[in-house]
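Coordinate analysis (summary)
Listed below are the residues making up each chain.
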Amino acid sequence: MRLTPLRPAAYVATKLITAMSLGLLAVVIEFLVGAVAGVRVPAYVWLLSGLAAWVGSLVFAAFGLFIGYLAPAENVMQIIGPVLAVLAMFGGLFVPVEVLPDVLQQVATFTPVYGMGVLARAPLTGDGVSMAAVVNLVVWALVFGVGAARLFRRDTARV
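Residue numbers here run from 1 along each chain, matching the order of that chain's written sequence. In keeping with the model being predicted, local features are shown solely for residues with a pLDDT of at least 70 and side-chain atom pairs are shown and tallied solely at 80 or more, while totals for entire chains, interfaces and linings include all residues. With hydrogens and water stripped out, all remaining heavy atoms of the structure feed into the side-chain values.

Time to look at the overall build of the chain. Helix and strand assignments follow DSSP, with helices taken as H or I runs no shorter than four residues and strands as E runs no shorter than two, numbered in order from the N terminus. Across its full length, the chain holds six helices and zero strands. Its C-alpha atoms put the chain at 55 × 40 × 30 Å along the principal axes. The buried label goes to any residue with under 20% of its type's maximum accessible area, the exposed label to any with over 50%, and the partly exposed label to all in between, with areas taken from a 1.4 Å probe on protein chains only. Counting all 159 residues of the chain, 33% fall into the buried class. Put simply, of all contacts in the chain between residues at least 6 apart along the chain, 65% involve residues at least 24 apart. Residue exposure ignores everything except the shown protein chains as possible cover, and the areas themselves are Shrake-Rupley values with a 1.4 Å probe. Total accessible area on the chain is roughly 9,800 Å²; 73% of this is exposed by carbon and sulfur atoms. Two residue types count as positive, namely Lys and Arg, and two as negative, namely Asp and Glu; His and chain ends fall outside the count. Taken as the charge centre is NZ of Lys, CZ of Arg, CG of Asp or CD of Glu, depending on the residue. When the 9 basic and 6 acidic side-chain charges of the chain are each reduced to a single mean position, those positions are 17 Å apart. Two residues qualify as a contact provided that any one of their heavy atoms is within 4.5 Å of a heavy atom in the partner residue.

This is the structure we're talking about:
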């Protein structure tokens, strides 16, 4: 792949589109299983929560690419697993942000999983989506996407 004529941004965008396609398939299958298992929620909740899960996965697709270019291939999964667990804990996925100490509540809003958690829960709880959560998702997607493109460029410069 180091000899590809694609520009780094195009290469990363192609990888992200592929990841998002697979993510959409995963969301659809998960929702089908839920429907068959008897989950009953209004149609708009199905649609909004599915869309939130799918769109929010862009951050983690970019994160995976970023770590993939940052670390040796044989170590990536050993890094991603614990990092995601810590981010989920401090971002409010394991425990509601409201029950965390004040300092951790502030820290949570700056983690990549915070915006995803708010976005994913909003259709289920009826809460609105805060602009801070949307900005959180966009900023982290850009940070990881641009970081992956820069690391790809660095990697291909060695050829």
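Spacing of three or four residues puts side chains on the same side of an α-helix, whose turn is 3.6 residues. One less than the residue count of a helix, multiplied by 1.5 Å, gives the span that helix is expected to have. Between its first and last C-alpha atoms helix α2 (residues 43–70) spans 41 Å; for 28 residues at 1.5 Å apiece the expected length is 40 Å, and the two agree. For α2, the principal kink sits at Leu 58 and spans about 30 degrees. Looking at α2, one finds that the buried residues are Val 45, Ser 49, Gly 50, Ala 52, Gly 56, Val 59, Ala 61, Ala 62, Phe 63, Leu 65, Ile 67 and Tyr 69. Throughout, the bend at a residue refers to the angle made by two axes, fitted to the seven residues ending there and to the seven starting there.

Here we take up helix α5 (residues 112–125). The end-to-end C-alpha separation of α5 is 21 Å, in line with the 20 Å expected for 14 residues at 1.5 Å each. With ten of its 14 residues buried, α5 lies for the most part within the structure. Looking only at α5, the buried set comprises Pro 112, Val 113, Tyr 114, Gly 115, Met 116, Gly 117, Val 118, Leu 119, Ala 122 and Pro 123. A positive backbone phi angle near 85 degrees is found at Gly 126, which sits one or two residues after α5.

Moving on, we come to the nonpolar core. What is meant by a nonpolar core is a set of buried Ala, Val, Leu, Ile, Met, Phe, Trp, Tyr and Cys residues, joined one to another through side-chain atoms within 4.5 Å. Counting residues in each nonpolar core, the largest one holds 23 residues, and the members touching the most others are Val 12, Leu 16, Leu 65 and Tyr 69. Going through the elements one at a time, α1 (8–37), α2, α3 (76–91), α5 and α6 (131–157) are the ones with two or more residues in this core. Take this core: its biggest share by element is eight residues, from α2.

Bringing the packing of aromatic side chains into the picture now. Any Phe, Tyr or Trp ring, taking Trp's six-membered ring, that has another such ring centre within 6.5 Å forms a pair; planes under 30 degrees apart are called stacked, those over 60 apart edge-to-face, and the others tilted. Scanning the model with the defined rule gives six aromatic pairs in all. Residues Phe 31 and Trp 46 carry aromatic rings whose centres are separated by 5.1 Å and whose planes lie at 65 degrees to one another, so their mutual orientation is edge-to-face. Of this pair, Phe 31 sits in helix α1 while Trp 46 sits in helix α2, and the two are 15 residues apart along the sequence. Under the relative-accessibility criterion, Phe 31 is labelled partly exposed at 24%. Taken together, the aromatic side chains of Phe 63, Phe 66, Trp 140 and Phe 144 make up a single cluster linked through ring pairs.

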